[in-house]
Amino acid sequence: MTTIWGIHNDQPQLDLVGNGFVSIGWDDLGDLSDLKDDRDDAKARVARARPDLKPGAIPVTAGTLLSFRHRMRPGDIVIYPYKPDSTVNIGRITGDYYFQAGVPLHANRRPVNWLRTGVPRTTFSQSARYEIGSAVTVFQVKQHRQEFLDFLEGLPTAATTAVAEAEPEAAADEAAEQPDAQRIETYTHDFVIDTLMKELEGVDFEHFVAHLLGAMGYRTEVTSPSRDGGYDIIASHDPLLLKPPIIKVQCKRTTSSIGRPEVQQLTGALAAGGSELGLFVTLGSYSADAQHEERHRQNLRLINGRQLVKLIFEHYAKFSLEYKRLLPLRAIYVVDSNAN
């Protein structure tokens, strides 16, 4: 039976997908090649290396090291959620553990052949998203194992069937049972993306983005479909939308990845000389070449789904009643379990 592992990595600059590996930290423990497949030995090694670690964290850390060093095997499937753009990457482990000497961080690694990358989180059921949102760095995916295997086989997932209609309530119950800040944030993010995707048509999404920009202090005008020349909204701090810089906004109501050609359609609509800026807004993510385009253009900004949700949170108080009914949110405070 194929084992599926989940792994969290907080170092996006490592580019796990582009470089074909997964990794964990704990570099201060050194090369784990000589780590015995023994929990007590692993706990003793962790305690020696990190004497200031809380007693309750020692067995958790030891379990993570043992899973990565001994339990993972070539042929197993690994799921790597990528938080910066709320996507999921799925690959197959192709080799044994190795220690990459000479790198500044995350020297503990395993080679991976990535099978599907940049998959929108909303492809999967809400409860499956919660399972791969585990607070543990390395964990087995058991409850929704078949859902991810079905996805790799090209079969429908629970998120695309009638079963998914009951998921939000179940997911909310799970969030209530595990009230840490990260899970609540993840659940709310997914709720916002799902709602905007399901409840708004393309032109409605354009008006929603225009409303958000209005809450941020911009004067906006949504262009008619017949006048859409690579952009959907014009915005400016000038009430008459005449004084530069004028912002031309392209909106895509999709959770898929936006590529460079679509971004270039927007930049091609910008006037020369810097009097116009381009803003691309999507519920999904952007391909590497689209992000490269942004890095090399001072007049272009790309907003992905996660960034859009953050802006909604920041300016929600200024939303109209209509959009507050669409997205019924309220601010809460939770105890930070990671605080010292």
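Presented here is a report on the structure given in the accompanying data block. Everything numeric here is computed off the predicted structure, so don't read it as measured data.

With that out of the way, let us pick up the packing of aromatic side chains. Going through the model one piece at a time under the given rule, you end up with ten aromatic pairs. Plain terms: the ring middles of Tyr80 and Trp114 are 6.1 Å apart, the flat faces sit at 45 degrees to each other, and that makes the pair tilted. Of this pair, Tyr80 sits in strand 3 (residues 77-82) while Trp114 sits in strand 6 (residues 108-120); the two residues are 34 residues apart in sequence, bridging distant segments of the chain. On the basis of relative accessibility, which here comes to 12%, the residue Trp114 falls in the buried class.

This next bit is on the side chain of Gln250. Along the chain, Gln250 turns up in strand 10 (residues 246-252). Beyond its immediate stretch of four places on either side in the chain, Gln250 contacts Gly230, Tyr231, Asp232, Gln265, Leu266, Leu279, Phe280 and Val281.

Counting residues in hydrophobic clusters, the biggest one holds 30 residues, and the most contacted among them are Leu196, Phe205, Phe208, Val249, Leu308, Ile312 and Leu327. Counting residues per element, the ones that place at least two in this core are helix 7 (181-199), helix 8 (202-215), strand 9 (233-236), strand 10, strand 12 (276-282), helix 11 (305-315) and helix 12 (321-326). Looking at this core element by element, the count peaks at seven residues for helix 8. Beyond its immediate stretch of four places on either side in the chain, Leu196 contacts Phe205, Phe208, Arg253, Leu283, Leu308, Ile312, Leu326 and Leu327. Listed in part, the 26 residues of the second largest apolar core include Val22, Ala42, Ile58 and Ala62.

To continue, consider the packing of helix 2 (residues 39-49) against helix 3 (residues 57-71). Taken N-terminus to C-terminus, the directions of helix 2 and helix 3 make an angle of 115 degrees; their axes are 8 Å apart at the nearest point. The handedness of the crossing between helix 2 and helix 3 comes out as right-handed. Residues Arg39, Ala42, Lys43, Val46 and Ala47 of helix 2 form the contact with helix 3, whose own contacting residues are Ile58, Pro59, Thr61, Ala62, Gly63, Leu65 and Leu66. Taken together, the residues of the contact of helix 2 with helix 3 break down into eight nonpolar, two polar and two charged.

Okay, the packing of helix 8 against helix 11 next. Two elements in contact, helix 8 and helix 11, have axes separated by 10 Å at closest approach and are oriented at 50 degrees. Classified by the angle their axes make, helix 8 and helix 11 are oblique. By crossing handedness, the relation of helix 8 to helix 11 is classed as left-handed. Along its contact with helix 8, which presents Phe205, Phe208, Leu212 and Ala215, the element helix 11 presents Leu308, Leu311, Ile312 and His315. Classifying every residue of the contact of helix 8 with helix 11 gives seven nonpolar, one polar and no charged.

Definitions and cut-offs
Residues numbered from 1 in each chain as written. Predicted model: local features only at pLDDT ≥ 70, side-chain atom pairs only at ≥ 80, totals over all residues. Heavy atoms only, no water. Phe/Tyr/Trp six-rings, centres within 6.5 Å; stacked < 30°, edge-to-face > 60°. Helix = DSSP H or I, 4+ residues; strand = E, 2+ residues; numbered from the N terminus. Buried < 20%, exposed > 50% of the residue type's maximum accessible area, 1.4 Å probe, protein only. Contact = heavy atoms within 4.5 Å. Core = buried A, V, L, I, M, F, W, Y, C linked by side-chain atoms within 4.5 Å. Axes fitted to C-alpha atoms, helices over the stretch in contact; angles between N-to-C directions. Left-handed = near helix turned anticlockwise from the far one by under 90°. Nonpolar A, V, L, I, M, F, W, Y, C, P; charged D, E, K, R; others polar. Parallel < 35°, antiparallel > 145°, perpendicular 65-115°, else oblique.

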